[in-house]
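These are the residues of each chain, in order.
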Amino acid sequence: MSTRALGKALVIAETLEGKLVPATLAAITAAAKVGPVTAFASGKDAAAAAEQLSKVAGVQQVLVASGAAVSSGLPEELAPVVKSVVETNGITHVFAATSAFSKNVIPRVAAKFDAMPICDITAVQGEDTFVRHAYAGNVVATVKSADAVKFATVRGTSFERAAATGGSAPIAAVAEGGAASGKSKWLEDLIAKSDKPDLATAATVVAGGRGLKSGENFKLLEALAAPLKAAVGATRAVVDAGYCPNDMQVGQTGKTIAPTLYIGAGISGAIQHIAGMKESKVIAVINTDADAPFFQVADYGLVGDLFEAVPALTKLVKG
Amino acid sequence: MSLMYRPTAAQQMKVVVGVKRVVDYSVKIRVKDNKVQTDNVKMSVNPFCEIALEEAVRLKEKKIATEVIAVTVGVKKADDVLRTAMALGCDKAIHIVVPDAEAATLEPLAVAKVLAKLHEELKPDLWILGKQAVDGDFGSTPQLLAGLIDAPQGTFASEIAVADGKVKVTREIDAGRQVVELNLPAVVAADLRLNQPRFPNLQSIMKARKKPVDTRPIDKLGVDTKPHLATVKVEEPAARKAGIKVKTVEELFDKLRNEAKVL
């Protein structure tokens, strides 16, 4: 590690239904490697997020933007507020857990600082050196940034989550600069309410691909997932075909997951899907095609018909 | 550097599409001697750029867009993506040529600056870019461009609807979808489900070969394109330990429960 003065990190926090997403805790761990951490909460759950952030071990300060303009997370409104926070607080590094939200905001703010954002980092090797993946995870690149203020999104599954208790950071409101610019308007969120485990953080994931043949057949995977308290994921192909909603997509251009156990049924194993789940601790694959590429990354491979194997496995799991 | 929005006269909408030439998504890329091996590999139009092109052409067919311009920032050979763009129906094509030696280190930020410069000249109502290039996987260029020109952005777009001088964008987000409405000019980043791109037919491809392309060297634009990131090292990811095949579901259950201890 360099002996230069420590940086000062800002972590843009994210919540889901009022609770801090676990990946934000991982981003805090990553950020702490470059210097003291200031957490930033915004949006309609800003106050709740701030309370939780102030208790996270390793957070020195919590800043909150709870005005109307930023309440829907519009990047056009959030970017100027983040810019002002960075400038006012001498921030040298801006981090956020990789997500649709952070991917929307981080590069826009980076542009205001003439900085090249480093996306989806999996390691921090110094205040200016980071590791990330390219070419659908087939290239691991270590890059050094020359930017005065550095911006990065952090892969939530690559860092330990900071402890949710033990911290006692002060909370302060930031200056928010008044009315919205009006360049964009939030109209609605179309979110399927679900009491099922979150795909991004579930310890077990059961995923299906084209071998399922229909959206109806995903019921087989749900039946297996339920006793396992698992989340259900999908390949791009079945989302495209309309079998599943987009929030279930795992892969290079969908979600990256790293559960303790991943069971894939009816998935051939395209590079792009594997890119999104190859850090899973244990991988089990069920496919009728013995030559399916997916078997190459499987710890346990069963050549068989999922329409028999999955119900049979479900029965064994239920005891 | 924001432009005052000038009301688009009825039926006068200009759309610019960013298109990138990339290593084909089906290529298994290798790394050797600290270098990504891209010599002689199959190159293609980035899949998300194909979707962006298709959406622009559909806007033209619906008579919402009156002019569609395709732009690429890349090596000399990248002009094939512009030939494809014109075969699909783009009216004009601009090729910002990058010397081969510089191309490997050309960053999304630099590309965004080039596009921002073109924005001043072309003054389009709408930019449509692919959300992510499948080589670098940064997924940042549309947002960087939007930030530089201070235009609203509609990322992960799975549906767009232009009406009354605005564009309504349905975005795919982690928990589902979101709908936003953006003033023009705006930047849209095309996601997978925005549309299914068509294939250009042979006749259009032949005709496109003869169309002129506005070719300009990158160093004549007056834009700072030097990289901000230095690559210290590139390598292939660590391989997973080889697994085993099991013969029955019972065996799979046993291994997962008693050997891996994950069930």
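Being a predicted model, the structure only gives us computed values, none of them experimental.

Draft legend 1. Spatial organisation of the nonpolar core. Residues F40 and F95 of chain A are the most contacted members of the largest nonpolar core, which totals 103 residues. At nine residues, helix α4 (residues 108-122) of chain B tops the list of elements feeding residues into this core. Not counting the four nearest positions on each side in its chain, F95 of chain A is found in contact with A9, L10, V11, I12, A31, V34, I106, I121, F130, A152 and V154 of chain A.

Draft legend 2. Just helix α5 (residues 141-149) of chain B, in detail. The element α5 of chain B is largely enclosed, with a buried count of nine among its nine residues. Restricting attention to buried positions, one finds in α5 of chain B the residues T141, P142, Q143, L144, L145, A146, G147, L148 and I149 of chain B. Turning to α5 of chain B, the residues buried within the fold contact α4 (100-112) of chain A together with α4, β8 (126-130), β9 (153-163) and β12 (186-190) of chain B. The first or second residue beyond α5 of chain B is D150 of chain B, which carries a positive phi of 55°.

Draft legend 3. Summary view of the pattern of salt bridges. A complete count under the given rule lists 31 salt bridges over all chains for this structure. A salt bridge links K112 of chain A to D150 of chain B; the shortest N-O distance between them is 3.1 Å. Here K112 of chain A, found in helix α4, pairs with D150 of chain B, found in the loop between α5 and β9, and the two come from separate chains. The partly exposed category is assigned to K112 of chain A, whose relative accessible area is 28%. Under the relative-accessibility criterion, D150 of chain B is labelled partly exposed at 28%. Residue D114 of chain A is joined to K113 of chain B by a salt bridge in which the shortest nitrogen-to-oxygen separation is 2.7 Å. Taken together, the residues span two chains, with D114 of chain A in the loop between α4 and β7 (118-121) and K113 of chain B in helix α4.

Conventions we followed
Residues numbered from 1 in each chain as written. Chains lettered and ligands numbered in written order. Predicted model: local features only at pLDDT ≥ 70, side-chain atom pairs only at ≥ 80, totals over all residues. Heavy atoms only, no water. Core = buried A, V, L, I, M, F, W, Y, C linked by side-chain atoms within 4.5 Å. Buried < 20%, exposed > 50% of the residue type's maximum accessible area, 1.4 Å probe, protein only. Helix = DSSP H or I, 4+ residues; strand = E, 2+ residues; numbered from the N terminus. Contact = heavy atoms within 4.5 Å. Salt bridge = Lys/Arg side-chain N within 4 Å of Asp/Glu carboxyl O.

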